[in-house]
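These are the residues of each chain, in order.
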Amino acid sequence: MSDTANGTPRRVSILGSTGSIGKNTLDLIGRSPERYQVVALTANGNAEALAAQAKATRAEIAVVADEAAYGRLKEALAGSGIEAAAGPQAVCEAAARDADWVMAAIVGAAGLAPTLAAVERGATIALANKECLVCAGDLFMAEIRRAGATFLPVDSEHNAIFQVFDFEKKERIERIILTASGGPFRDWTREAMAKATPEQAVAHPNWSMGAKISVDSASMFNKGLEFIEAYHIFGIAPERIEILVHPQSVIHSMVGYVDGSVLAQLGSPDMRTPIAYCLAWPDRMVAPVPHLDFPKLGHMDFRAPDPDRFPAIRIVRETLRRGGVAPTAMNAANEVAVAGFLGRQIGFLDIPAVVEATIDDVMAGPLGNQAVDHLDAVMAVDGEARRIAAGHALAHAAAA
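Quick look at the structure, then. (Residues numbered from 1 in each chain as written. Predicted model: local features only at pLDDT ≥ 70, side-chain atom pairs only at ≥ 80, totals over all residues. Heavy atoms only, no water.)

The next point concerns the overall build of the chain. The helix and strand inventory of the chain stands at 17 helices and 11 strands. Counting only C-alpha atoms and orienting by the principal axes, one finds that the chain spans roughly 55 × 50 × 40 Å. Out of the 400 residues in the chain, the part that is buried amounts to 55%. For the chain, the share of sequence-separated contacts (at least 6 apart) that also reach a separation of at least 24 residues comes to 67%. For the chain, the exposed surface amounts to about 16,400 Å²; the carbon and sulfur share of it is 52%. (Helix = DSSP H or I, 4+ residues; strand = E, 2+ residues; numbered from the N terminus. Buried < 20%, exposed > 50% of the residue type's maximum accessible area, 1.4 Å probe, protein only. Contact = heavy atoms within 4.5 Å. Areas by Shrake-Rupley, 256 points an atom, 1.4 Å probe, with all protein chains shown as cover.)

The next thing to look at is the sheet that holds strand 9 (residues 241–245). The mixed open sheet is built from 4 strands, whose spatial order is 9-8-10-11. Whereas interior strands pair on both sides, the edge strands pair on one side only; in this sheet they are strand 9 and strand 11 (262–266). Sheet twist, expressed as the mean angle between neighbouring strand axes with direction ignored, is 20°. In this sheet, strand 10 (residues 251–257) lies alongside strand 8 (residues 173–180) in antiparallel orientation, the contact comprising 5 bridges. If you follow Ile176 over to strand 10, its bridge partner there is Val255. (Pairing = 2+ DSSP bridges. Axes fitted to C-alpha atoms, helices over the stretch in contact; angles between N-to-C directions.)

Moving on, we get to helix 5 (residues 112–120). Helix 5 sits mainly inside the fold: 7 of its 9 residues count as buried. Taken residue by residue, helix 5 has Leu112, Pro114, Thr115, Leu116, Ala117, Ala118 and Val119 as its buried positions. Of the surrounding elements, those touching the buried residues of helix 5 are strand 1 (10–15), helix 4 (88–95), strand 5 (101–104), strand 6 (124–127), helix 6 (131–147) and helix 17 (375–399).

The next point concerns the pattern of salt bridges. Two side chains that carry opposite charge are able to pair once their charged atoms sit near each other. Tallying each qualifying case throughout the model produces 25 salt bridges. Across the salt bridge formed by Glu226 and Lys130, the nearest N and O atoms sit 3.0 Å from each other. Taken together, the residues span a long stretch of sequence, with Glu226 in helix 11 (residues 221–234) and Lys130 in the loop between strand 6 and helix 6 at a distance of 96 residues. Each member of the pair Glu226 and Lys130 is classed as buried. A salt bridge links Asp216 to Lys212, with the nearest nitrogen and oxygen atoms 2.5 Å apart. Residue Asp216 and its partner Lys212 are both found in helix 10 (residues 211–219); the two are separated by 4 residues, about one turn of the helix. For Lys212, a relative accessible area of 15% translates into the label buried. Members of the salt-bridge network, linked through shared partners, are Lys130, Asp155, Glu157, Lys223, Glu226 and Glu229. (Salt bridge = Lys/Arg side-chain N within 4 Å of Asp/Glu carboxyl O.)

According to the stated counting rule, one finds 9 aromatic pairs in the structure shown. Centre to centre, the rings of Phe140 and Phe151 are 6.2 Å apart; their planes meet at 75°, and the pair counts as edge-to-face. Remark: Phe151 occurs in strand 7 (residues 150–153) and Phe140 occurs in helix 6; sequence separation between them is 11 residues. On the accessibility criterion, Phe140 (0% relative accessible area) is buried. For Phe151, a relative accessible area of 11% gives the class buried. What links up through ring pairs into an aromatic cluster is the set Phe162, Phe165, Phe167, Phe234 and Tyr277. (Phe/Tyr/Trp six-rings, centres within 6.5 Å; stacked < 30°, edge-to-face > 60°.)

Here is the structure:
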């Protein structure tokens, strides 16, 4: 790999460059352009924003997953010398280009195939896509090992754990503590949550994120997905992974050791900190984030998550215990349910109900014993779960 510390620019690609993580990554690159050479940028369908990013960074290629947006992308890049392409296969081909470091930030199961394409090259993968590990954690980590790729977690919680986790003496680790902000509804009653609007759900009190992940934070499915991620990344038994609500979002997660010591990574709630850690790794770089002012902070609060108001935690723990296709089905069902809520077809409290019913149906169906050991199998389960979840969402909408 090129080493930014010795003056050689690091070749980077960003899958999902027009989303929140992608924009923050480009913000950091733009502050030290001499250290990075942008190879590929991809987006779903925002051709105009993608073209502007590609021209600003002089990327080699820009790709939209939505083929209908190709004409707009090609027109916007005319005369720039930057390649334009479209379609899911083109996104995978862009991910397979010769970049040292790849930011995998495509939201949802759509990010799995291109991220695996980057893994197969043995690149350094900065993973911001939860679904790669939730849908296909065993497959994904096996491919990381097989290809000799380097894995860096971007999620603030897993990045925090990564920074204080002693991989060489893993037997000395007693537990992992994932912290959660609790989201915008952490103090709401179930009655109030039943009437919550999409605008209220995406108004996160601490973090600036996309709509889907913001709704996941509000339901705490986001923390459940991170629970499964932590299990795969760090190889810690599920019963040794704890979840703790910490409203200030200053402690991003903790690792407890057998001697009673607990190591924590702290920082302002700004995703540019974990992105900067991954972008410069194994070095560190200056990031334009507020530094903690402890006297001003004053205090930090902690509480256990409420299982009655936030059943997502229970659902996820049960899903991981069931194993097999259950996590893949859960992730697909959650994506469908969140889309239904954002589209005002179902209520906020319908999300966990749709997810749980879908998991049960998939596990009882013909794909219930399917081994998710290759990409086609994962996508087959994903597709079936989406079909079933859409039916459950429709039933909830009709009953409303």
